[in-house]
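If you want the building blocks of each chain, they are given just below.
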Amino acid sequence: MAIIVFLKTPFFSSTLLARCYCYYNVIRSASVASTSSLPLSSFLHYSSRHNRFPHRHPRRNPRSSCRHRHHLLSSSFVVGTPIDISNDRRRKVPLIAQYTSSSSSSSSSEQTMIETTTTTTIQSVEQSITCSDGVSLAMKCWRNFDDGDSHPPTSPSTPTRKILCLHGWLDNAASFDRLAPLLLRSLSDAANHPNALPVELVALDFPGHGLSDHKSADGPPQLLAEYAHYVAEFFDATGWGSAADGQSEKVVLVGHSMGAGVAVIVAAAFPEWCRALVLLDGAGPPARNAEDAARHVRAACRRRIRSNRTLFPDGGRTTLTSSSSSSAAAKRYASVDAAVEARLDTTRRMPSDQYLSAEAARDMVIRATVPANDADGDAHGAVVFRHDPRLQWPSLQYYTREQVDAFYREVTCPTCVLSAEDGWPVDARTVDAVREVLKPAYVRRLRGSHHFHADPDTVGAVVEHIAEFLSEQNF
């Protein structure tokens, strides 16, 4: 099958070429040539009256319409001394955030203060657990109560409502920095939740992301089921979802993008843990054609052999760590601002009209970078990304459509699907499977792009709809 794209444009750029290539990969991997890829809820809300999908008017956020505009946004922050994001940051240091739905914020490695007119205080604490295989799993914890315990998450004996958030590929727990306090505030509203218990929310860093450890040289760096294993490690370590009375201790899973795929797998494999499922611009595990299985294995093996020689020149006797640049060849950025701009530029090359605010990019970049120490031990303001470089390898294994449908059928908890107008495109077969097999109870299409839950202009609406869905489920 050949796909020919005719471009009528006064100029031709590498960005345009990259976008066309991304669209080609999306269409090729899903084997959908007859239907354009649109955001998920565009299909779920299709018009039966006209027997067609609604027309999607082109939209572009003003922040993404001009490259110079991104430079202005990223340079408007004052960047101080590069922070030391080493393993020592995993100390249990309480963080305090005061919030409101419309506020400006400033972030640092130790404390975030958002000045508001409300007196409600949300505590955020950095935590980590050591998994059964020795991997340290980092997390950010928020709660809308104070019981004198400075080390959340709480034990199963504490009567609280619990929410676990799972981030997307190459993101980290900081992508929930804006959503978490706003959602907890909304769920604390006595008018809507008169008999509500306190709420605690945890956002994990998957292995290889954020502050969590990297996998060993022989460990599979990127399999969705492998990430589901570490979610299971979290439940085992904390005791979440294990209450004898059942419903009160079940956990709400919130997954964004790749995290949505992991959340579907966890909800299907461990229904006893899950009270509700919230998917943010994600439809679950990506499905691939069974006929391509051998090709995927071949590509993954060849890339792994070639890259391992660079990453592990001593034959794997050393381990990649999240507190270092992971590789002597890691790309250096002159400053945090430069790393933020690189993150924004990556988003511009994604399929559809995706964009990302400089504020959200900065939140994630600060957690995702470490100083790039020179020979004299001084970083001179330069940083490198700390994520495991193997995350960019092709996966060794994908699920087939039949397997993804099987996961959907095993999800027994109520499901909410929120997608962005300018989000990640989803093929028609996936949309049909979500609608007919997963059968979500709550579906909405919202203004914004793929990170609408992290961008300050759109997070409010995301929180509003999550809270409405949870209220319908008597959360």
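Residues numbered from 1 in each chain as written. Predicted model: local features only at pLDDT ≥ 70, side-chain atom pairs only at ≥ 80, totals over all residues. Heavy atoms only, no water.

## What to know about the confidence of the model for the chain
Per-chain confidence: the chain averages 74 in pLDDT, with 64% of residues scoring 70 or above. Per-element confidence in the chain ranges from a low mean pLDDT of 27 for helix 3 (residues 67-75) to a high of 98 for strand 6 (residues 251-256). This model gives residues 45-119 a pLDDT under 50, and the stretch forms 140 contacts once residues within four places in sequence are excluded. Note that residues 323-327 has pLDDT below 50 and, in this model, 18 contacts with residues that lie over four places away or in other chains. (pLDDT = per-residue confidence, 0-100. Helix = DSSP H or I, 4+ residues; strand = E, 2+ residues; numbered from the N terminus. Contact = heavy atoms within 4.5 Å.)

## Section: unusual backbone geometry
You will see that Ser257, though not glycine, has its phi angle at about 55°, which is positive. Looking at the secondary structure, you find Ser257 in the loop between strand 6 and helix 6 (258-269). Positive phi values are uncommon outside glycine, yet Lys439 reaches one of about 55°. Relative to the helices and strands, Lys439 resides in the loop between helix 11 (428-438) and strand 13 (442-449). For Lys439, a relative accessible area of 59% translates into the label exposed. (Buried < 20%, exposed > 50% of the residue type's maximum accessible area, 1.4 Å probe, protein only.)

## Observations concerning helix 6
Between the first and last C-alpha of helix 6 there are 17 Å, a value that for 12 residues agrees with the 16 Å anticipated at 1.5 Å per step. When we look at burial in helix 6, the residues that qualify are Met258, Gly259, Ala260, Gly261, Val262, Ala263, Val264, Ile265, Val266, Ala267 and Ala268. Along its buried surface, helix 6 packs onto strand 4 (161-166), helix 5 (224-238), strand 6, strand 7 (274-280), strand 11 (399-400) and helix 10 (401-410). (Expected span 1.5 Å × (residues − 1).)

## Comments concerning the packing of helix 6 against helix 10
Two elements in contact, helix 6 and helix 10, have axes separated by 8 Å at closest approach and are oriented at 60°. By the angle class used here, helix 6 and helix 10 are oblique. For helix 6 against helix 10, the interelement crossing comes out left-handed. Where helix 6 approaches helix 10, its residues Val264, Ile265, Ala267 and Ala268 are matched on the opposing element by Phe407, Tyr408 and Glu410. For the contact of helix 6 with helix 10, the per-class residue count stands at 6 nonpolar, no polar and 1 charged. (Axes fitted to C-alpha atoms, helices over the stretch in contact; angles between N-to-C directions. Parallel < 35°, antiparallel > 145°, perpendicular 65-115°, else oblique. Left-handed = near helix turned anticlockwise from the far one by under 90°. Nonpolar A, V, L, I, M, F, W, Y, C, P; charged D, E, K, R; others polar.)

## Some thoughts on the environment of Trp273
With respect to the element layout, Trp273 can be found in the loop between helix 6 and strand 7. Between the alpha carbons of Trp273 and Val252 there is a distance of 8.6 Å; along the sequence they are 21 residues apart. Once residues within four sequence positions are removed from consideration, Trp273 is found in contact with Ala232, Phe235, Trp240, Gly241, Lys250, Val251 and Val266.

## Looking at the packing of aromatic side chains
A ring pair, where both rings are aromatic, is described by two values, the distance of the centres and the angle of the planes. Applying the stated criterion across every chain, the model contains 8 aromatic pairs. Centre to centre, the rings of Phe270 and Trp273 are 4.0 Å apart; their planes meet at 10°, and the pair counts as stacked. Its guanidinium or amino end placed over the ring of Tyr398, Arg288 lies 4.9 Å from that ring's centre, counting from NZ or CZ. Residue placement shows Arg444 over the ring face of Tyr442; its charged tip is 4.0 Å from the ring centre. (Phe/Tyr/Trp six-rings, centres within 6.5 Å; stacked < 30°, edge-to-face > 60°. Lys NZ or Arg CZ within 6 Å of the ring centre and 35° of its normal.)

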